[in-house]
Every structure is written in C-alpha cells, then in structure tokens.
Amino acid sequence: MFSVIGTSGAVVGSGLLAWQVYQTQVGQQQIVELKEKLNIQQRQQKMLLEEVNKTQFVTIPKELRDKLNNYDELSNMNSFETKEDLKSILPRHLRKPWRLLHLANTGGYEQHIKAVQDLSKLSLSDGEYQQLAQSCECRTAVGLARTANVDLRFFLSPSILPPECRERELLEMFKDVLTKLPAESADLHECIAYFTSTALDQYLHSCEEDVMDSDISNEFHRESHHIHSIPRPRISQETLIEYCLQALLSHSTVEEQCSVLMESMTLPLFSLVLAAHPDNARIKSLIGKIISNISLHPRHHRAIFRAGWVGILAQWKQDPNLLVSLPATKALCNMDQEYGGHKFEPGIYLLLPNDRHVQHKNNLSNWGVDVVFVHGLMGGVFYTWRQQDPDNVREFSNDQISEDNYSFCWPRDWLAEDASHVRVIGCDFDSYLSQWGG
C-alpha cells in the first residue's frame, strides 16, 4: 500500500516539476520577446530623432549667395532689396500674403474676418497684387472691396467681352434684353410695364432711321401701330440709355426678372455702356442700383464676381460722388450677407458706416444702434438731406460731391466721426403728390 502511495506521490511530484519548468520557459520567452520589441521601438525612435535633427539645406539663389560672400556689397544694399531677396527664398505658400489669403478663402468665420483685415493693410508689388487677385474667392474679394482705402489692385479687371457683344450697337442690345423680360407676371407692377413699353416704343424707335416726308404731318409706325408727329424729336444716345436703364431697374425689383437679366447679356452690356460713357454719374448710379437689386439673391453673387464687377463696385464705393458711391456700397453689402448679416432692399441705403461692418460670433461685440432717416413729400435720399443752397446752383447737379463748406448728405458727412457702433440708414421712395390720396 505504501509502495503504491509512494509511487503516486513521485508521479505527481514529477508532473509538478515539469509544469514549473514549462512555465519558466514560457516566461523567459515572453521576456525575450518584450526585450526585442523594446529594442525595435528604441531603434525607431533613434532613427526618427536623427531624421529630425538632420540639417535642412535651402538652395540660395546665386545672386544672393554672391552678395552674402561679399560683405561690403551686402552692407551697401538697402533694406528693401534685402527683404525682397530673402522673400524669394521662401516657398510662396509660406509667405504672409498667401497665408492670409488662404485663411480668408477657406478659414472659419472669425479667421476670414481677421485675415481680410490684415490682408488689406499689406503693401505689395504689382505682380503680387495680380497673383492674389487671380486667387481670391468671391467672399474674400467682397470683404476687401468693403474695407477702408483698399488698394484697387486686389481686384481683377472685367472679363473680356465676347465678339458678338463688341460688334453690336448698344441700343440694339438694350432692345434685345428688354424684349426677353416677361411682360405678364403676377409680381410685375403696372409701372414696370409702362417703363418697358416707353423705352421700347417711344425712345428706342426714335433712334431708327425712318423715312420722313415733309408734306405729311403724321406717320404711321408699322411696328407699334402708333401715330407719331413728324418731324419726331431726336434724343441723344446717352439719354436713351438712361431711359433703358431705368426700365431695367424697375424690372430688377422682381426676383424672377433678375434671373432673366443674368441669363441675358446684361453685365457685358453694362461694361460696354461704361466704356462708351465713362464720366456719366447718372448712368453709373442706375447700373449700381440694378446690380444692388440683383445681388439681393445669393445665387447671382458668383456670376457678378466672375464678370469683374466687384472691382468696379470697389472703385465706385471710393468715389466722392454720392450718386455713384451709395448704390455701390449697397451692392457690396448685399453680396456680403454671410458676414454683414443684413441686406438692403430697393429704396434702402446704408449711409454709415462706409466700410465693412460684420457680425461677430461674440454677441457682446455686436452692440449698436440704428438711426433711420425718412424723407418727406417730393424728397429722396439723393436730395432731401443736403444743405440749404440759397442760390440753387447745386439743386440739379449730377456731381453730388460734398465740400468743406457744403454737404450733399449731412447725415453721412457730419455723423461719420460719431458713427462708432451707429448705423445710419436712408429710405428712398416715391413721394409725388399725385400718388397720395385721401
């Protein structure tokens, strides 16, 4: 019996010993594997550290290298030359203007606002301005256009007109645009239809070469079937264009008609008009009002930007003539709805502030007050708030440029110094006596 127990105990003891040996071997193997992994990690870290600590060499242009080798010549270089040479070493995307442009184009809300402000303060060469202008997104260009005293080289010139536009007469193009506009619409006021028919019939047809007979007192117009007295009064092309623009302005107050205008050759037509009459402030004012109405609708912003009109509006915004600057300021505001937070409907004009006023995410920075000016009977934004002129020499002037001793719009001129956190708005509406009833 004891021999059996002894044999069983020996077997059990041998099994335990074998198990302990096995466990020891497994543990040693795991330790070896862990040490190997640790060694691999240490080697990788050492290689990475060596790679990081490697000296990075930049190829220096030969001209600058020669100057660096000659101390006397380097000492004679002025600061501008040295700055320009060193700037050429850096890759373009690392230079300050391009970093700011990248933030303005693709950055977040506050990043965009700050980047546009900093970008507008830079002083660059003509080539750099041209390159930045070609890389600007619509929101960046609009933000720059609304910034005080921005350099106009930030903006591209208007796009080249297609040959079919350059070879046509202006009045013929106006006629085509006006005839494309829907005459029947629920949103179309009868006054708009009147302006259109007047422009098409009375003014456009008057410029055609009609056969006159001095023995006949009246002629029957074959297209409109209206009787016209002979000789019919001749109107200058400049006046005809103003009447056509007035008709387009009335149509631009209807959203449906804005889409038709943008699908037509309206923007190229405006470029041709400006080329033909570059000094007519009334024409510029009418075009600015039309574009400000079209820009109420964000889907048209990119087309206006691609046609080069942001740069034109930026130039007009800096014009001292009230007729030109107010519609341009309004149009840029409507194109900046994402950051300005407001849009200005037909007849509503921003008198102050003259430059970009944004809505920050921090509401504590957005406090302010609105002051609204509403004119009376037979008044208007471009007429009512001018100083008294005893001699009436400025009453019908198209050059509404304020002087040191005279203001064409005193709310805009006199409140400018006190306009911090104050927005001044002017309302413009038809107020003829015949339109008021009891």
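See above for the structure.
Residues numbered from 1 in each chain as written. Predicted model: local features only at pLDDT ≥ 70, side-chain atom pairs only at ≥ 80, totals over all residues. Heavy atoms only, no water.

A. Just the sheet that holds strand 3 (residues 348-352), in detail. Judged by pairing direction, the sheet is mixed, and its three strands sit side by side in the order 3-5-4 without closing on themselves. In the strand order of this sheet, the two ends are held by strand 3 and strand 4 (369-374), each with one partner. Pairs of neighbouring strands in the sheet enclose a mean axial angle of 30°, with direction left out of account. Strand direction decides the pairing type here: strand 3 and strand 5 (residues 422-427), joined by four bridges, are antiparallel. Residue pairing in the sheet places Y349 in a bridge with G426 of strand 5. (Pairing = 2+ DSSP bridges. Helix = DSSP H or I, 4+ residues; strand = E, 2+ residues; numbered from the N terminus. Axes fitted to C-alpha atoms, helices over the stretch in contact; angles between N-to-C directions.)

B. Quick peek at the pattern of salt bridges. Summed over the entire model, instances satisfying the criterion amount to twelve salt bridges. Notably, a salt bridge pairs R302 with E137, separated by 3.9 Å at the nearest N-O pair. A residue pair is termed long-range when its members are at least 10 positions apart, and R302 in helix 16 (residues 301-306) and E137 in the loop between helix 7 (126-135) and helix 8 (138-145) qualify at 165 residues. Using a relative accessible area of 38% as the deciding quantity, one classes R302 as partly exposed. The salt bridge partner of R146 is D336, with a shortest N-O separation of 2.9 Å. (Salt bridge = Lys/Arg side-chain N within 4 Å of Asp/Glu carboxyl O. Buried < 20%, exposed > 50% of the residue type's maximum accessible area, 1.4 Å probe, protein only.)

C. Representation of the packing of aromatic side chains. The tally for this structure, following the rule as stated, stands at nine aromatic pairs. On the basis of an interplanar angle of 35° and a centroid distance of 4.9 Å, the ring pair of Y109 and Y339 is categorised as tilted. Here the residue Y109 occupies a position in helix 6 (residues 109-120), and Y339 occupies one in helix 19 (residues 337-340), the gap between them amounting to 230 residues. The pair Y109 / Y339 is uniform in exposure class, with both members buried. (Phe/Tyr/Trp six-rings, centres within 6.5 Å; stacked < 30°, edge-to-face > 60°.)

D. Region of interest: the side chain of S292. Secondary-structure assignment places S292 in helix 15 (residues 281-294). When residues no more than four places from it in sequence are discounted, the contact partners of S292 are P327, K330, A331 and N334. (Contact = heavy atoms within 4.5 Å.)

E. Inspection of the packing of helix 10 (residues 170-180) against helix 12 (residues 237-251) at higher detail. Packing of helix 10 against helix 12 leaves a shortest axis separation of 11 Å and a crossing angle of 15°. With respect to helix 12, the axis of helix 10 lies roughly parallel. Considering the relative orientation of helix 10 and helix 12, their crossing is left-handed. Touching L170, L171, F174, V177 and L178 of helix 10 are Q237, L240, I241, C244, L245, A247 and L248, all from helix 12. Looking at the contact of helix 10 with helix 12 residue by residue, the classes come out as eleven nonpolar, one polar and no charged. (Parallel < 35°, antiparallel > 145°, perpendicular 65-115°, else oblique. Left-handed = near helix turned anticlockwise from the far one by under 90°. Nonpolar A, V, L, I, M, F, W, Y, C, P; charged D, E, K, R; others polar.)

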